[in-house]
Amino acid sequence: MFAMNFVVGIAEVLNAILSIYFWVVIISALLSWVNPDPYNPIVRILRNLTEPAFYRIRKWLPFTYFNGLDLSPVVLLLAIQFAQIFVIRSMYQLAGAIH
């Protein structure tokens, strides 16, 4: 019973973190359209949270950036959704199997 609750707890926390990061990516992508002040602390935090992931996506999948259109946020959002569907549900099924 302890192991089941532990796995469910990890799944819930991971799901919450992925949900928050999902919205951070959306806000960061929207801010890139309006070109806000780069010295604003909120903008800097959002950029620091998302740019490493965007950079890796652009590096691994160079076709996501063409003609000034950056699709790396879309790829990252799809990856987050996949993680929420596949990993989180698998953890819940693992917890059910432990029970």
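Quantities reported herein were computed from a predicted structural model and do not represent experimental measurements. (Residues numbered from 1 in each chain as written. Predicted model: local features only at pLDDT ≥ 70, side-chain atom pairs only at ≥ 80, totals over all residues. Heavy atoms only, no water.)

Participant: With reference to specific residues and values, describe the UniProt feature "transmembrane region" (unreviewed entry) in the chain.
Facilitator: Mapped onto this structure's residue numbering, the UniProt feature "transmembrane region" (unreviewed entry) falls at residues 12–34 and 71–92. In the segment residues 12–34, helix accounts for 100% and strand for 0%; the C-alpha atoms at its two ends are 34 Å apart. Along residues 71–92 one finds 95% helix and 0% strand; the C-alpha atoms at either end are 31 Å apart. (UniProt positions renumbered as here; feature names shortened; annotations may be inferred. Helix = DSSP H or I, 4+ residues; strand = E, 2+ residues; numbered from the N terminus.)

Participant: Please give an account of the environment of valine 43 that cites residues and values.
Facilitator: Secondary-structure assignment places valine 43 in helix α2 (residues 41–60). Along the chain, valine 43 and isoleucine 27 lie 16 residues apart, while their C-alpha atoms are 9.6 Å from each other. Beyond its immediate stretch of four places on either side in the chain, valine 43 contacts Leu31, Pro36, Asp37 and Pro38. (Contact = heavy atoms within 4.5 Å.)

Participant: Account for the nonpolar core, naming residues and giving values.
Facilitator: Most often, soluble globular proteins keep nonpolar side chains buried together rather than apart. One finds Leu18, Phe22, Val25, Ala53, Phe54, Ile57, Leu76, Leu77, Ile80 and Ala83 forming the largest nonpolar core, which totals 10 residues. Elements with a contribution of two residues or more to this core: α1 (2–34), α2 and α3 (72–98). In this structure, alanine 53 is in contact with Tyr21 and Leu76, ignoring residues within four places of it in sequence. By size, the runner-up hydrophobic cluster in this structure holds 6 residues, among which are Met4, Val7, Ile88 and Ala95. (Core = buried A, V, L, I, M, F, W, Y, C linked by side-chain atoms within 4.5 Å. Buried < 20%, exposed > 50% of the residue type's maximum accessible area, 1.4 Å probe, protein only.)

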